[in-house]
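# Geometric and topological summary
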Amino acid sequence: MTSQIDEQTIDADQVNFNFENSFARDLEGFFVHCEASTAPDPQLLLFNKPLAEELHLKASNLHTTVGAEIFSGNKPPEGAMPLAQVYAGHQFGNFSPQLGDGRALLLGEIIDKAGVRQDIQLKGSGQTPFSRRGDGKAALGPVLREYLISEAMYALGVPTTRSLAAVSTGEKVFRETPLPGAVLTRVASSHLRVGTFEFFAARREFDKVRRLADYAIARHYPEVADAENPFLAFFKSVAHSQLSLVARWMSIGFIHGVMNTDNTAISGQTIDYGPCAFMDRFSPKTVFSSIDTQGRYAYGNQPSILIWNLCRLAETLIPHIDDNKDRAVEILTDEIKGYENEFKSIWLNLMRRKIGLNNEEEGDLKLIQALLNAMEESEADFTLTFRRLSRAISGDSLGTRNLFVNPTSYDSWERDWFARLERETISKECRSATMDQVNPVYIPRNHKVEEALSFAVEEGDLSAFEKILSIVIKPFDEVAGQESYAEPAPETDIPYRTFCGT
Ligand code: AMP
Ligand code: MG
C-alpha cells in the first residue's frame, strides 16, 4: 500500500483529535520531543471503534489509510506533540537509574466523553534517546497480545490501559528471528509510573519530584490537594488504587509477570502487558515468564511485591512528607504497615462475591482459604471452579467437583459453604446471577492466545485473533458453541512459557 496522504500532518477536522497536552505544557524537563520512525508500508490491522468514539475521534475516517498513517506514527495528527518520557525503575529488585520510553511516544492527551484526560501513546514506533541498545520497535505477536489482554481486562472490570489500534509496519524486526513489525496505540489515564518518581529522586531533584506529585495529584487524585499533608494523602491514594488493582488481579487468576516499579502506574491501572498470562490450575507458585527464573513475580507473590514497590514510591516522597526526615520515615512506615491488612480486606470482599456471599462474617476468610487449599491440592482450574459454583447452588455440583483430582475435598467444602449460605438472605436465583457477573467464563486461555497469535504472525491471518477477541471482551456471557474457549489447555508435560515483548 502506498500512502495516499501527502501532507506532513493530518488535518484536525478530518479525524477530530482534540489534543490538550498538559504533560508537554507543564512538565518541561521530564521528557524529550521525538519523532516516530517511518513505517514503509503501514496497514491498519485492528481498530477499536467503541474506544475511538469514547475519545470523540472520527472513527469512520480513521478506519482507512489515514488511520494506518496516524497509528504507525508516519503522520501525526495536527496538534500532536510526540515525546518520550523519562523514568527509572527497580527491575527484578535492582535499580536502573535510566529507563524511559525507549520504544514508545506519547502523541498527546485527549479529554474523553467521561471528562477523563487520556494519553494516546504509540508503542513500537522507533528509537528515542532512551532506547539504549534497543531498536525501539515492537513485533506483531506482542502487540496483538497486549491488545487482546488489555481489552479482556477492561471487559473483566479491571482498571487497565486500553488498545485503540494495531498497525503492521511492513518492516521486519529482528529478535531471535526476523518477525513482522507492528505498532500498538495505547490509551492510558497517564503513563506516570513509580519509576518516574524514582528517576528524579535518585538524582536528588526533589523539586521535580514535587512538581511531578503536584501534576499527578491534579490529574488523578484532585481530592487530596487540600489535605493537611497532601503528599502523604497522595501516597495513600496511589497505594489504595494499586492494592485494589492487585486484589482484582488475584481474584481472576491474572499474573502480570513483570511487576517492576517502572511497570507500576500511579493511576492504578494495569500497564505494560509483556509476559502476563492467566493461571489455569490453581497454584500460588505459578510463573509463566521465561525471564522470571526465581519466581519473584509468581501469582502468590504479587501482593507483597506491590507493597515492596510502594515502599520505593514512599522513599521518593520523604522530603515532602515532613521536614524532619526521621519523622517522615516513621509516618510512611506506619502507613505501609497497614497495607497487608488493607489488601486482605479488599481481596476478601472480592472473594466473598465470587462465592455468593453478601453479608460479612468472621469465618469467611477461613471458608475461602479452605476452597483455595482444596483447589491447589486437587489442581482445579481457577476460572472454571468459580464459574461453576453458581450451578452448584441450583443443585448441579458435578461440573465443579469433576474439576478436582480429589472430588471429596470439594464435597466437604461444599457442605460448609451451603451451611454458610443458609445465613444469607438473597434468593438462589439472584445469587447465581450475581456470581455469574463476577466469575468470568471466558478468559484469554493461554493455548488459545498462542494459537491465534501464531496464525496471525506466521500465516498473516487475523481470523483466529478476531474470534478470541470477540469472545474475551464478553467474558461473563456464556454462549453455546464457544465451549472450547472456556476450557483449559489439554494436559501436557511442557509448562507454558511467556516471553517479554522486547
Ligand atoms: P519493559 O520491560 O517492556 O517494561 O521495558 C523496560 C525498558 O526497556 C523501558 O525503558 C523500555 O522502553 C525499554 N525497551 C523495551 N523494549 C525496547 C526496544 N525494543 N527498544 C528500545 N527500548 C526498549
Ligand atoms: Mg515497561
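Keep in mind the model is a prediction, meaning the values are calculated, not measured.

### Brief notes about the overall build of the protein
- Of regular secondary structure, the protein possesses 20 helices and 12 strands.
- A compact globule built from 502 residues should have a C-alpha radius of gyration of about 23 Å, and the protein, at 23 Å, falls within 12% of that.
- If one aligns the C-alpha atoms of the protein with their principal axes, the spans along those axes are about 70 × 60 × 40 Å.
- Here the protein, with 502 residues, has 57% of them falling under the buried criterion.
- A separation threshold of at least 6 residues defines the contact pool for the protein, and within that pool the share at least 24 residues apart is 72%.

### Details of the site of ligand 1
- Close contacts around ligand 1 come from 18 residues, with Gly100, Gly102, Arg103, Arg132 and Gly136 the closest.
- Separating a nitrogen atom of ligand 1 from a backbone N or O atom of Lys137 is a distance of 3.3 Å.
- Bound to the protein, ligand 1 loses 88% of the 480 Å² it would expose on its own.
- Split by domain, the residues of the shell around ligand 1 number at least three in each of domain 1 (12–191) and domain 2 (195–348).

### Description of the domain arrangement of the protein
- Splitting the protein by domain gives domain 1 (12–191), domain 2 (195–348) and domain 3 (355–436).
- Each of domain 1 and domain 3 was reduced to a C-alpha centroid, and the two centroids are 42 Å apart.

### Here's the deal with the environment of Thr64
- Relative to the assigned elements, Thr64 resides in the loop between helix 4 (59–62) and helix 5 (65–72).
- The exposure class of Thr64 is partly exposed, given its relative accessible area of 34%.
- There is a polar contact of 3.1 Å between the side chain of Thr64 and the backbone nitrogen of Val66.

### Overview of the packing of aromatic side chains
- As enumerated under the stated definition, the model contains 24 aromatic pairs in all.
- Between Phe235 and Tyr339 the ring centres are 6.2 Å apart and the planes differ by 40 degrees, which places this aromatic pair in the tilted class. Here Tyr339 lies in helix 12 (residues 339–354) and Phe235 lies in helix 9 (residues 230–252), a separation of 104 residues in the sequence. One exposure class covers both Phe235 and Tyr339, and it is buried.
- Between Phe282 and Tyr299, the ring centres sit 6.0 Å apart and the planes meet at 90 degrees, which makes this aromatic pair edge-to-face. Taken together, the residues span a long stretch of sequence, with Phe282 in the loop between strand 12 (277–278) and helix 10 (302–321) and Tyr299 in the loop between strand 12 and helix 10 at a distance of 17 residues.
- An aromatic cluster of three or more residues is present, and its members are Phe404, Tyr410, Trp413, Trp417 and Phe418.
- Note that Arg312 overlies the ring of Trp308, its terminal NZ or CZ placed 4.3 Å from the centroid.

### Points about helix 10
- With 20 residues, helix 10 should reach 28 Å at 1.5 Å per residue; the first-to-last C-alpha distance of 27 Å fits that figure.
- At Glu315, helix 10 shows its maximal kink, close to 35 degrees; a proline, Pro319, follows between one and four residues later.
- Burial runs high along helix 10: 15 of the 20 residues are buried.

### So, the coordination of the magnesium ion (ligand 2)
- Protein coordination of the magnesium ion (ligand 2) is provided by Asn263 (OD1) and Asp272 (OD), with donor distances spanning 1.9 to 2.2 Å.
- The class for Asn263 is buried, based on a relative accessible area of 12%.
- Of the residues examined, Asp272 reaches a relative accessible area of 13% and is grouped as buried.

### Observations concerning helix 13 (residues 364–377)
- For helix 13, which comprises 14 residues, the first-to-last C-alpha distance of 20 Å matches the rise-based estimate of 20 Å (1.5 Å per residue) to within 8%.
- Among all positions of helix 13, only Asp364, Leu367, Ile368, Leu371, Leu372, Ala374 and Met375 are buried. Down the axis of helix 13, the buried side of the element spans an arc of 160 degrees, and every buried residue falls inside it. Exposed residues on helix 13 whose side chains face more than 90 degrees from its buried face are Lys366 and Glu377.
- Those residues of helix 13 that are buried lie in contact with helix 12, helix 14 (382–393) and helix 16 (407–421).
- Two residues or fewer after helix 13 comes Glu379, characterised by a positive phi angle close to 50 degrees.

### Examining the packing of helix 13 against helix 16
- The geometry of helix 13 relative to helix 16 is characterised by a closest axis approach of 10 Å and an angle of 160 degrees between their N-to-C directions. Compared by their axis directions, helix 13 and helix 16 come out roughly antiparallel. Helix 13 and helix 16 meet at a crossing whose hand is left-handed. Of the residues in helix 16, those in contact with Asp364, Leu367, Ala370, Leu371 and Ala374 of helix 13 are Ser409, Trp413, Asp416, Trp417 and Arg420.

### So, the pattern of salt bridges
- On inspection of all chains with the given rule, the structure shows 35 salt bridges.
- Here Asp272 makes a salt bridge to Arg186, at a shortest N to O gap of 2.6 Å. One end of the pair, Asp272, is in the loop between strand 11 (254–255) and strand 12; the other, Arg186, is in strand 10 (residues 178–188), with 86 residues separating them in the sequence. This pair shows no difference in class: Asp272 is buried, exactly as Arg186 is.
- A network of salt bridges, in which partner residues are shared, links Arg352, Glu361, Asp364, Arg420, Arg423 and Glu424.

### Comments concerning the pairing of strand 10
- Burial runs high along strand 10: eight of the 11 residues are buried.
- Both strand 7 (residues 117–123) and strand 10 contribute to a ladder of five bridges, which runs antiparallel. In the strand pairing of strand 10, Asp119 is matched with Ala188.
- When strand 8 (residues 138–139) meets strand 10, the two strands line up antiparallel, connected through two bridges. By the bridge assignment, Ala138 is partnered in strand 10 with Ala182.
- Strand direction decides the pairing type here: strand 9 (residues 162–174) and strand 10, joined by nine bridges, are antiparallel. Paired with Phe174 across the strands is Pro178, a residue of strand 10.
- Counting the residues in the hairpin turn of strand 9 and strand 10 gives three residues.

How each quantity is defined
- Residues numbered from 1 in each chain as written.
- Chains lettered and ligands numbered in written order.
- Predicted model: local features only at pLDDT ≥ 70, side-chain atom pairs only at ≥ 80, totals over all residues.
- Heavy atoms only, no water.
- Helix = DSSP H or I, 4+ residues; strand = E, 2+ residues; numbered from the N terminus.
- Rg over C-alpha atoms; globule rule 2.2 N^0.38 Å.
- Buried < 20%, exposed > 50% of the residue type's maximum accessible area, 1.4 Å probe, protein only.
- Contact = heavy atoms within 4.5 Å.
- Near = heavy atom within 4 Å.
- Polar contact = N/O pair within 3.5 Å; in protein donor to acceptor, adjacent residues only side chain to side chain.
- Areas by Shrake-Rupley, 256 points an atom, 1.4 Å probe, with all protein chains shown as cover.
- Domains from an automatic or database assignment.
- Phe/Tyr/Trp six-rings, centres within 6.5 Å; stacked < 30°, edge-to-face > 60°.
- Lys NZ or Arg CZ within 6 Å of the ring centre and 35° of its normal.
- Expected span 1.5 Å × (residues − 1).
- Bend = angle between axes of the 7 residues up to and from the residue.
- Donors = N, O, S within 2.8 Å, 3.2 Å for Na, K, Ca; no water.
- Arc of directions from axis to C-beta.
- Axes fitted to C-alpha atoms, helices over the stretch in contact; angles between N-to-C directions.
- Parallel < 35°, antiparallel > 145°, perpendicular 65-115°, else oblique.
- Left-handed = near helix turned anticlockwise from the far one by under 90°.
- Salt bridge = Lys/Arg side-chain N within 4 Å of Asp/Glu carboxyl O.
- Pairing = 2+ DSSP bridges.

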